[in-house]
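A look at the structure
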Amino acid sequence: MTNYVDEVLASLKEKNAFEPEFLQAADEVLSSIKPVVERHPEYKKIALLERVTEPERIVSFRVPWVNDKGEVVVNRGYRVQFNSLLGPYKGGLRFHPSVNQSIMKFLAFEQIFKNALTGLPIGGGKGGSDFDPKGKSDEEVMRFCQSFMTELQRHIGQDCDVPAGDIGVGAREIGFLFGQYKRIKNNYEAGVLTGKGLDYGGSLARKEATGYGLIYFMREMLAANGKNLKGKTVIISGSGNVAIYACEKVTEYGAKVVAMSDSNGVIYDAEGIKLDTIKRLKEVERKRIKEYVNAHPQAKYIETVDKAESPIYEIKADIVLPCATQNEINLNSAKKLVANGVEAVGEGANMPSTKEAVEYFLEKGVLFGPAKAANAGGVATSALEMCQNSMRYFWTFEEVNEKLDGIMTNIFKACKDAAEEYGLGTNYVAGANIAAFRKIADAMKSQGII
Ligand code: NDP
Ligand code: 2IT
């Protein structure tokens, strides 16, 4: 007799054959919850796994806009409303040329479980477009955002679906999106988007939250295993929102970040990365990371030739924090990191390690903080932003940061307790999936066949 999890996985593969990223994310979750499903034969009768892997709704739409040359450009927009069991759909918007339905579904699926781990009342969703903000003028980005929101506004709302940022969507884009939503609805509905500017309903510490939260998670994971961050050598892939604030916080804990990257290449600075330069290049000037060496000639620039295997993973480090994109650490890169003595990996990006890489790290005893737990600080602080919007009030930076720290500490504990309960040692990948899945499964049982 084949078991229920394998049956559902086989059927998913058949139905979603052209969605490799979604299948990868579903396979990771379903494979690791087998021991829970075995204890609950009733799940099969209520088709619990079939329902949890099928989005409640997917919206896909045309986004026409006019560029600075007066040409009409057409992009494709998406919003995947995957699961609203625990609260309004919640999750970011990604603007990147690689965006397609598979990537949107994998991100929305991951978001269901990540959001459940935060303990806050938010369901799972994700959206975005294949629009590439790189090299576009502010006016072009504004016109695109206005067109995108003109359609998206029909499908979102502060009690229904609350988007935020992700790759290619930061404060500038959220500002344009919020302005257009408000204009169409003629309503000041602050809680409809998170990651807003501080002057119009944004939360203090939201910008820092994903990166800071990642380091709070790492601190807890290392402490539980008799280790800490002080004096450790760190590499961080990416140089966007998550990477920058992970670098800031890990440096505060006494570690030294020696390398960061963007999609074109890697900078290596043995003296330690000067974060002010990165912030200027990336947050203000929107330039390539290569320019870092102009300000700091002792640093080295290494161009990325093969996108599937970034040269950053050839650099020796104790702690590795992938904070760029999915599948950036493959088995080969994982082998190089292990050969160089890596102690711990913390996923700031969503699904940055391939399945084979994760298995290799776990097999070699590398402590591994999986994305849906380790990077949950961003969405958790988004939920705190929604909370402040509902109160029509705000908390100080310290108050938000303290709540974030508490949430990340609890998430690590939930992963650790679930792993121990099922005899899985320090496999926090399975721990995170089990802890999150149990919440979702209980809510599904309570809310009937929907
Ligand atoms: P940003 O757009 O601010 O930065 C993204 C960074 O990753 C850039 O340095 C970018 O380089 C690099 N990158 C993006 N795509 C690729 C690619 N295909 N190959 C190589 N490098 C790439 O995004 P964020 O920092 O917000 O997001 C980074 C990751 O963290 C994503 O996986 C996102 O889903 C995840 N995440 C984000 C959260 C948030 O609150 N923002 C919360 C939780 C997870 P380049 O500029 O050259 O494209
Ligand atoms: O992947 C993520 O968790 C995010 N991009 C943040 C989502 C949010 O709603 O803040």
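Described in the following lines is the structure provided in the data block. (Residues numbered from 1 in each chain as written. Chains lettered and ligands numbered in written order. Predicted model: local features only at pLDDT ≥ 70, side-chain atom pairs only at ≥ 80, totals over all residues. Heavy atoms only, no water.)

As for the overall build of the chain
When you go through the chain residue by residue, the secondary structure sums to 18 helices and 12 strands. What you see for the chain is a C-alpha radius of gyration of 21 Å, in line with the 22 Å of a compact globule of 450 residues. Viewed in the frame of its principal axes, the chain has a C-alpha envelope of about 65 × 55 × 45 Å. Element-wise, carbon and sulfur atoms account for 50% of the exposed surface of the chain, whose accessible area totals about 18300 Å². Taken as two groups, the 57 positive and 58 negative side-chain charges of the chain have centres that lie 1 Å from each other. (Helix = DSSP H or I, 4+ residues; strand = E, 2+ residues; numbered from the N terminus. Rg over C-alpha atoms; globule rule 2.2 N^0.38 Å. Areas by Shrake-Rupley, 256 points an atom, 1.4 Å probe, with all protein chains shown as cover. Lys, Arg positive; Asp, Glu negative; His and termini not counted. Charge placed at Lys NZ, Arg CZ, Asp CG, Glu CD.)

Points about the packing of aromatic side chains
Inspection of the entire model under this criterion finds 21 aromatic pairs. Between phenylalanine 82 and phenylalanine 109, the aromatic rings sit 5.6 Å apart at their centres with planes inclined by 55°, giving tilted as the arrangement. With a gap of 27 residues between them, phenylalanine 82 in strand β2 (residues 72–83) and phenylalanine 109 in helix α6 (residues 101–118) connect regions that are remote in the sequence. The pair formed by phenylalanine 82 and phenylalanine 109 is uniform in burial state, with each residue classed as buried. With a centroid separation of 5.0 Å and 65° between ring planes, the pair formed by phenylalanine 109 and phenylalanine 113 is classed as edge-to-face. Pair noted here: phenylalanine 109 and phenylalanine 113 are both in helix α6, with a separation of four residues, about one helical turn. With respect to burial, phenylalanine 109 and phenylalanine 113 carry one shared label: buried. Just above the ring of tyrosine 360 sits the side chain of lysine 335; from NZ or CZ to the centre is 6.0 Å. Its guanidinium or amino end placed over the ring of tryptophan 395, lysine 403 lies 4.5 Å from that ring's centre, counting from NZ or CZ. (Phe/Tyr/Trp six-rings, centres within 6.5 Å; stacked < 30°, edge-to-face > 60°. Buried < 20%, exposed > 50% of the residue type's maximum accessible area, 1.4 Å probe, protein only. Lys NZ or Arg CZ within 6 Å of the ring centre and 35° of its normal.)

Overview of the site of ligand 2
Contacts to ligand 2 come from 14 residues, most closely from Lys90, Gln111, Lys114, Asp166 and Ser382. In this structure, lysine 90 approaches ligand 2 through a side-chain N or O atom, which is 2.7 Å from an oxygen atom. At 2.8 Å from an oxygen atom of ligand 2 is found a side-chain nitrogen or oxygen belonging to lysine 114. Of all the secondary structure elements, the ones that give two or more residues to the shell around ligand 2 are β3 (89–95), α6 and α16 (377–391). Considered class by class, the residues forming the shell around ligand 2 number two nonpolar, seven polar and five charged. (Near = heavy atom within 4 Å. Polar contact = N/O pair within 3.5 Å; in protein donor to acceptor, adjacent residues only side chain to side chain. Nonpolar A, V, L, I, M, F, W, Y, C, P; charged D, E, K, R; others polar.)

Quick look at the environment of valine 258
Among the secondary structure elements, valine 258 is positioned in strand β7 (residues 256–261). Residue classification places valine 258 among the buried residues on the basis of a relative accessible area of 3%. The residues touching valine 258, leaving out its near neighbours within four places in the chain, are Thr233, Val234, Ile235, Ile267, Tyr268, Asp269, Ala270, Ile273 and Ile315. (Contact = heavy atoms within 4.5 Å.)

Overview of the site of ligand 1
Around ligand 1 sit 25 residues, and of these Asp166, Thr210, Ser263, Arg288 and Asn350 come closest. One nitrogen or oxygen atom from the main chain of serine 239 is found 2.9 Å from an oxygen atom belonging to ligand 1. Take asparagine 350: an N or O atom from its side chain is 2.8 Å from an oxygen atom of ligand 1. When residues of the shell around ligand 1 are traced back to their parent elements, those giving at least two are α9 (206–224) and α10 (241–252). A breakdown of the residues in the shell around ligand 1 according to their chemical character gives five nonpolar, 13 polar and seven charged.

Brief notes about empty space enclosed by the protein
Evaluation of the coordinates by the stated rule reveals one cavity of 30 Å³ or more. Classifying every residue of the lining of the largest cavity by side-chain character gives five nonpolar, one polar and four charged. (1 Å grid on protein atoms, 1.4 Å probe; cavity = no way out; pocket = protein on both sides within 12 Å on 5 of 7 lines; lining within 4 Å. Points joined across faces, edges and corners; volume = space filled by probe spheres on them.)

Concerning the environment of lysine 413
With respect to the helices, strands and loops of the structure, lysine 413 is situated in helix α17 (residues 397–421). Taking C-alpha positions, lysine 413 is 26 Å from lysine 126, a pair spaced 287 residues apart along the chain.

Here we look at a nonpolar patch on the surface
A contiguous nonpolar patch, built from Val66, Val72 and Val74 and spanning about 270 Å² of accessible area, is present on the exposed surface. The topology assignment puts valine 66 in strand β1 (residues 57–66). (Patch = residues over 30% accessible without salt bridge, like charges linked within 9 Å, V, L, I, M, F, W, Y side chains within 5 Å. Salt bridge = Lys/Arg side-chain N within 4 Å of Asp/Glu carboxyl O.)

As for the state of the cysteines
One pass over the structure, following the stated rule, counts zero disulfides. The thiol of cysteine 145 is unpaired, and the distance to the nearest cysteine sulfur, on cysteine 160, comes to 20 Å. Of all cysteine sulfurs, the one in cysteine 160 lies closest to cysteine 387, which takes part in no disulfide; the gap is 19 Å. Cysteine 387 sits in the partly exposed class, given a relative accessible area of 34%. (Disulfide = S-S within 2.5 Å.)

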